[in-house]
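Secondary and tertiary structure notes
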Amino acid sequence: MITLGIDPGIATTGFGIVCESEKGDLTALAYGVIETPKTDPLPRRLVLLRQQLIALIEQWRPTACAVEALFFASNAKTAMTVGQARGVALVTVCEAGLSIGEYTPLQVKQAVAGYGQADKKQMQTMVKLLLHLDRLPKPDDAADALAVAITHIHTARHADLARA
């Protein structure tokens with residue numbers, strides 16, 4: 001199974017492509033960020049995000065997608081634009097026919113680090129270990145996207161065991 005993880009944002013959207021082997025081993029096939037120019041108007045930035053997500057889906061042919069849910073304690077303006085980017089991501093992967101999982105930051109931290117208050121460094125270290133990477137995944141948005149993909153794979157694995 002190949003899973004696309006997405007950490008949505010308007011300036012920077014993290015992505016991670018994770019493959020699970022038949023034995024259950026996890027491998028990062030690709031990860032990085034999609035950046036949109038700050039000088040472009042919001043609608044254009046959303047179109048660019050959509051185009052890049054479509055290109056990733058066409059290149060890697062994932063069967064599932066995991067998207068981080070929004071969590072903001074303040075700054076409503078940022079929440080609105082991130083929400084719009086998240087909406088574009090959800091529509092794009094839905095139109096591609098992918099199954100979609102949505103996970104809060106707390107769920108991701110618990111699934112990957114086993115601790116809901118894990119910091120960025122702890123999360124990057126666990127992602128590195130789980131995916132057998134040579135170095136910590138960077139930037140943070142890409143590492144977060146890989147963590148969301150790992151969460152989805154682990155969640156699907158548990159759901160499969162519960163059905164068996």
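Below is a summary of the structure that appears in this document.

Here is what the cut-offs are and how they apply
Residues numbered from 1 in each chain as written. Predicted model: local features only at pLDDT ≥ 70, side-chain atom pairs only at ≥ 80, totals over all residues. Heavy atoms only, no water. Pairing = 2+ DSSP bridges. Helix = DSSP H or I, 4+ residues; strand = E, 2+ residues; numbered from the N terminus. Axes fitted to C-alpha atoms, helices over the stretch in contact; angles between N-to-C directions. Contact = heavy atoms within 4.5 Å. Buried < 20%, exposed > 50% of the residue type's maximum accessible area, 1.4 Å probe, protein only. Core = buried A, V, L, I, M, F, W, Y, C linked by side-chain atoms within 4.5 Å. Salt bridge = Lys/Arg side-chain N within 4 Å of Asp/Glu carboxyl O.

Taken in spatial order, the five strands of this open sheet run β3-β2-β1-β4-β5, and their pairing is mixed. At either end of the open sheet lies a strand with only one pairing partner, and these are β3 (26-35) and β5 (99-103). Each neighbouring strand pair of the sheet contributes to a mean axis angle of 20 degrees, computed without reference to strand direction. Alignment of strand β2 (residues 12-20) against β3, held across nine bridges, turns out to be antiparallel. Bridging across to β3, Gly-16 finds its partner in Tyr-31. Contacting β4 (64-68) and β5, helix α3 (residues 105-113) crosses the sheet at an angle of about 95 degrees to β5.

Another aspect to go through is unusual backbone geometry. In this model, Lys-138 is joined to Pro-139 through a cis peptide bond whose omega is 0 degrees. The topology assignment puts Pro-139 in the loop between α4 (120-131) and α5 (140-163). Even without a glycine there, the phi angle at His-132 is positive, about 55 degrees. On the secondary structure map, His-132 appears in the loop between α4 and α5. By relative accessible area, His-132 is classed as exposed at 58%.

A few words on the nonpolar core. Counting 20 residues, the largest nonpolar core has Leu-4, Ile-6, Leu-53, Cys-65 and Val-93 as its most contacted members. Taken together, the elements giving at least two residues each to this core come down to β1 (2-7), β2, β3, α1 (42-60), β4 and α2 (76-95). If we skip the residues at most four places from it in the chain, Ile-6 touches Thr-13, Gly-14, Leu-53, Cys-65, Ala-66, Val-67, Glu-68, Ala-89, Val-93, Ala-145 and Val-148. In this structure, Val-18, Val-108, Leu-133 and Ile-150 belong to the second largest nonpolar core, which totals 18 residues.

Let's shift gears to the pairing of β1. The element β1 is extensively covered by neighbouring structure, given that five of its six residues are classed as buried. The turn linking β1 back onto β2 is made up of four residues. Where β1 meets β4, four bridges bridge the pair, whose relative direction is parallel. Residue pairing in the sheet places Leu-4 in a bridge with Cys-65 of β4.

Okay, the pattern of salt bridges next. Inspection of every chain in the model, using the stated rule, returns three salt bridges. Of the charged contacts in the structure, one is a salt bridge between Glu-102 and Arg-86, with a shortest N-O distance of 2.2 Å. Here Glu-102, found in strand β5, pairs with Arg-86, found in helix α2; they are 16 residues apart in sequence, far enough to count as distant. For Glu-102, a relative accessible area of 45% corresponds to the partly exposed category. Close ionic contact of Asp-144 with Lys-120 constitutes a salt bridge, the shortest N to O distance being 2.7 Å. Taken together, the positions of Asp-144 in helix α5 and Lys-120 in helix α4 put the pair 24 residues apart, joining distant regions of the chain. The exposure class of Asp-144 is buried, given its relative accessible area of 16%. For Lys-120, a relative accessible area of 43% translates into the label partly exposed.

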